[in-house]
Amino acid sequence: MNSRNKTPNVYSIAAHRGFADALVAGLVPRYSDGELGLARLTLLVPSTRAARTISEAFIRHAGETGSAGLLMPRMVAVGDLDLDEKLGSLLDPLGASEIPPAVEPMRRWFELAHLLRAELETSGKRMPPGAAILRMARDLARTMDRLLVEEKRPEDLLDETILNLEPSLAEHWQESIHLFAKVQARWRFALDEGGEVDAATRRNLLFDRAAQEWRVNPPKSPIVAAGVTSAAPALARMLRSIADLENGAVILPDLDLQMPTEAWDELGRAGQSDEPDGEVFARGDALTHPQYHLKLLLGRMGIARAEVRPWHRRGIAAADPVRSHAISSLFLPPEASSSWAELAPEKRRLSGVRLLTSATAEEEAQAIAILVRQALDEPQKRIAVISADRSLARRVVQHLSRWNITADDTAGRPLSLTPAGRLLGLLSELASGAITPTALVSALSHPLVRGGDDRGAWLSHLRKFERALRGPAPAPGFEPLRAVAAKAEIADWWAEVEALLAQLPGEAAELPLADALDTLTVLAEALAGEDVWAREDGRALSAMVEDMRLHARAAETQIAAKDLASALREAMDEIAVRPPYGGHPRVAIYGLLESRMARADLVICAGLNEGSWPQSPSPDPLLAPGVLRALGVPASEFRIGLSAHDMAGAMGAPEVVLSRAERDNEGPTIPSRFLLRVEALLGELANDHRENAIPAMLPALDRMAPRAKPYARPAPMPSSEQRAVNIAVTALDRLLGDPYQFYAQQILGLKALDVLEADPFSDPALRGTLTHKILELWHEARSHNPSANITEIAEAHFRAEQCHPLFMGLWRPRLLAALTRFAEWIDADEAADEKRQVIAWERRGSMLVDGVRVYGRADRIDRMPDGSLAIVDYKTGAPPSAAQVEAGYALQLGLLGLIARDGDFEGLSGDAGTFEYWSMGRSKADKQFGYKEAPIKLPGKRSGLPPEEFLPTHEAKLAEAIRRFIKGNAPFVAKENPDYPGYTDYDQLMRLDEWIIALADGEDAQ
């Protein structure tokens, strides 16, 4: 057995040198062996992405040195549980049979969910839905892995320190600890029965096996661990054994060898207790510092920072050494940061670093794309965009495509956001409950559905179906949808769709998850064929579904149909789909994990806002921070330190741009704490580092054409033939107040599309339609049965129309109160000595005026005691005021009175002397729902038309409208009367925003 070397072979590559290129520059002369090149060297790297980065560095080195070729070393990935990467064959050889196999992650997930359910049932706790159980099982698995990596056993939760701590914890934390411990015990028993271990445990055993093997039988060929920074205890022991080998070495990235000892000590204990079995992570530890995890790693390796030697080789894209000094000062701990006050300006200067601030995330993406495009004009220059915000990364990719620059986002996208994943997600939504119009149209219009030659015909039928579906959602079931398809004249097409959708489980209470996946995959293939599995996202989806189906069937996992969509979406969110390589060779877009070890001439750190970089630390859902600290496990803030280390490494490039947006989709943003430190270090020099050229260029980027002239206020002049249209009683005030609206609706025949699944809660027009229908049904029922109950009729109609829960909670009580009051008034009127009787409802009527048909519908017509008619209009909100009627903004009731006098309502006519609005709103007088309002100036009113002038005024306005617009040649001017409170359906068509300001300023916009 070899004794340990006095000085372990541990090196650090400074940030400014560029890790991958500097590593290769040192490895080649040190380990190259004649014709064998580096073939005898074994290189341990953190991940397969790191292996690819180093391979690219070898290729660049060969090109730089003019080498004809070089045999590269054997690269073995240490693997990463977060990235779901396996250990390389060197660390997990075929001969390691003495180490138990690891349980499959998907199988563990389902079995933990089963154990959770069993434990909750045993303890009598409330059982959450199936998707929540699966989510809890995933959280449980993460916490288990976190403890296992730190070599903590389940029985450690029963340690005296934890037991003494428990009474001080909140009740929910105590329950979480007990639940976690009990499920852990059940799980350990199941593993022991099967002779398996968790993947994290097996990794620890394999690391220890390799370390022991190399200590007992040192390999003859060199072994180098490069860029491995995980501080897991077993991995640290293996790295120490490599460092002690005569021909071994451990090379760390960006370990700050220049940090003062006082600052290094200020980082905290970092896993080293002052006394046996003492606290190894103190409350004051600087877990968010970029050097903390390296200090923890060195401590677990048993190596002092003074024993680490600098790596003196430089990479191709190395920066000035001054940069590393500045980075060291930038990230000093709080007390040590006081030295900034004494720093000379030359030591504050971050030459080559620019600060870019954009107004919005969209502008930030556009600015970054321009920076990349500019940099590509320089031959051989490599550019890397690093961001934790994948939405921002996707925007950058899209902006680069305008210049035909294809950039690979190596961090990938969640499977749920890919075309294949979205299709399965949409189908699972259909399977999760009632087949709603929105979910149905979204699934059937997916780009993968009917992707062949028949897609055009498929979409044509679908658009007809969608148009017929718009408005209130139909009742559940296929029968209403069948009626919609028949109305749209696409019954045969719908029969094909219905046959496919009939496979879905419906609203079953619970069903086997494996069977549900079978159904969804069969349906996906029936709709999209092999296209659903054809691309990289389809292959990832296929692997996930097969894995889930296999282990869900073995574990007999059940799930409620309503939980299926959320369970699948969360499973797909865990899988990142990375694009096949083939993008621009000098442009790379990285996530934080993927950026480690990468280097470029220009590095753009994007999305530097709190919550993005660094991301907000998510606390462990099962174990309280104090429990983790007592167990000797670093808290969640530890990941902020890793993000800070990523930032420090990225800032070592020759050119660096630090970018952020002041607003994102959710509102104002907070600058990243890292960016604030940069600005604080620069002090008054910060303005010299601002990037001003790109923001100044952005406004002109998309304005290649000269600025268009201001759009004139529309005033269309249709021909006399086009003007020959009828006038609805609801359109006369629109014709006089905003002629353009009348023109768009009546002459052009344009109408705003209803939304899918429209609900009366958010749409006053639909709310009015709903309540008018209730009153119609009640009047009809009352004509046969005077005691018909309006409340019962309303409740039945609410159920039939599937009203939104918010509508049922907020509007239903108000409307029922108003409807009940209406019924009481009508009953009282008909029971009075001078009887007022309802004689018609929802009755259509019309008349001819100067050859123009004027038509409308009366909500209700009553016969008054003196034989005259009363016209009643129902309103769900506030009715028009008497002043509005006087101004000509509400002419409907008067026109209905003219039709009753000069025309007829399907055979009914007569003189109308009473006009009333019956509103379902709250009365100002008695604060109850339901009140009457007359548009006529009655005694006590200050505004309105006198009764004797009411119909003549309407008659005059109707004659004026016919003379000017129908028979005349007056232009249909937009917003002719700006005070007219009309609808906004046609504001975009008239391009209102482009000329209304000039109108408001008193200018002539025509």
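Heads up: the structure comes first, above all this text.
Each chain carries its own residue numbering, running from 1 in the direction its sequence is written. In keeping with the predicted nature of the model, local features appear solely for residues at pLDDT of at least 70, side-chain atom pairs appear and are counted solely at 80 or more, and the whole-chain, interface and lining totals rest on all residues. Note: side-chain values were computed over all heavy atoms of the structure, leaving out hydrogens and water.

What follows covers the packing of aromatic side chains. Centres within 6.5 Å make a pair out of two Phe, Tyr or Trp rings, where for Trp the six-membered ring is used; the pair is then stacked when the planes are under 30 degrees apart, edge-to-face when over 60, and tilted otherwise. Overall, the coordinates contain 21 aromatic pairs when judged by the stated rule. Where Trp 493 meets Trp 494, the ring centres are 6.5 Å apart and the plane angle is 45 degrees; that geometry is what we call tilted. When sorted by exposure, Trp 493 lands in the same class as Trp 494, which is buried. Across the ring face of Trp 403, the terminal group of Arg 402 is positioned such that the distance to the ring centre comes to 5.7 Å. Charges are assigned to positions over rings by a cutoff of 6 Å between ring centre and Lys NZ or Arg CZ, combined with an angular limit of 35 degrees from the ring normal. Lying over the aromatic face of Trp 811, Arg 767 brings its terminal NZ or CZ to 3.9 Å of the ring centre. A 1.4 Å probe rolled over the protein chains alone gives each residue an accessible area, and that area as a share of the maximum for its type sets the label: buried under 20%, exposed over 50%, partly exposed in between.

So, about the packing of helix 16 (residues 437-444) against helix 17 (residues 455-469). Lines are fitted to the C-alpha atoms to define the axes, a helix being fitted only along its stretch in contact, and any angle between axes, read from their N-to-C directions, falls within 0 to 180 degrees. Helix numbers and strand numbers start at the N terminus; a helix is a DSSP run of H or I with at least 4 residues, a strand a run of E with at least 2. At a minimum axis distance of 11 Å, the contact between helix 16 and helix 17 shows a crossing angle of 170 degrees. When the axes of helix 16 and helix 17 are compared, the pair comes out roughly antiparallel. Facing Pro 437, Leu 440, Val 441 and Leu 444 of helix 16, the residues of helix 17 in contact are Trp 458, Leu 462, Phe 465, Glu 466 and Leu 469. Of the residues in the contact of helix 16 with helix 17, the class split is eight nonpolar, no polar and one charged. Working rule for angles: under 35 degrees goes down as roughly parallel, over 145 as roughly antiparallel, 65 to 115 as roughly perpendicular, anything else as oblique. Between two residues, a contact is recorded if the distance between any of their heavy atoms is within 4.5 Å. The nonpolar class holds Ala, Val, Leu, Ile, Met, Phe, Trp, Tyr, Cys and Pro. Asp, Glu, Lys and Arg form the charged class, and all remaining residues, Gly among them, are polar.

Glancing now at unusual backbone geometry. Note: most peptide bonds trans; most residues except glycine with negative phi. With an omega of 5 degrees, the peptide bond between Trp 613 and Pro 614 qualifies as cis. With respect to the secondary-structure elements, Pro 614 resides in the loop between strand 14 (602-605) and helix 25 (625-631). If you check the backbone angles, Glu 489 has positive phi at about 60 degrees while not being a glycine. When you line up the elements, Glu 489 lands in the loop between helix 18 (478-487) and helix 19 (491-501). Judged by its relative accessible area of 74%, Glu 489 is exposed.

Turning our eyes to something else, we now look at the pattern of salt bridges. For this document, the term salt bridge refers to a Lys or Arg side-chain nitrogen within 4 Å of an Asp or Glu carboxyl oxygen. Within the structure shown, the criterion is met by 60 salt bridges. Where Arg 549 meets Glu 546, a salt bridge forms, and the shortest distance between an N and an O atom there is 2.2 Å. Within this pair, Arg 549 and its partner Glu 546 are both found in helix 22 (residues 536-555), separated by three residues, close to a single helical turn. The partly exposed category is assigned to Glu 546, whose relative accessible area is 43%. If you follow the salt bridges from partner to partner, you end up with Arg 354, Glu 378, Lys 381, Glu 655 and Glu 691 in one network.

This next bit is on the sheet that holds strand 4 (residues 223-226). Strand pairing is assigned whenever DSSP identifies at least 2 bridges connecting the two strands. Here six strands make up an open sheet; going across it, the order is 3-2-4-5-1-6 and the pairing parallel. Both edges of this open sheet fall to strand 3 (74-77) and strand 6 (309-310), since each of them pairs with a single strand only. Of the pairings in the sheet, the one linking strand 1 (residues 10-13) to strand 5 (residues 248-253) comprises four bridges and is parallel in character. The residue bridging Tyr 11 from the neighbouring strand is Ile 251, located in strand 5.

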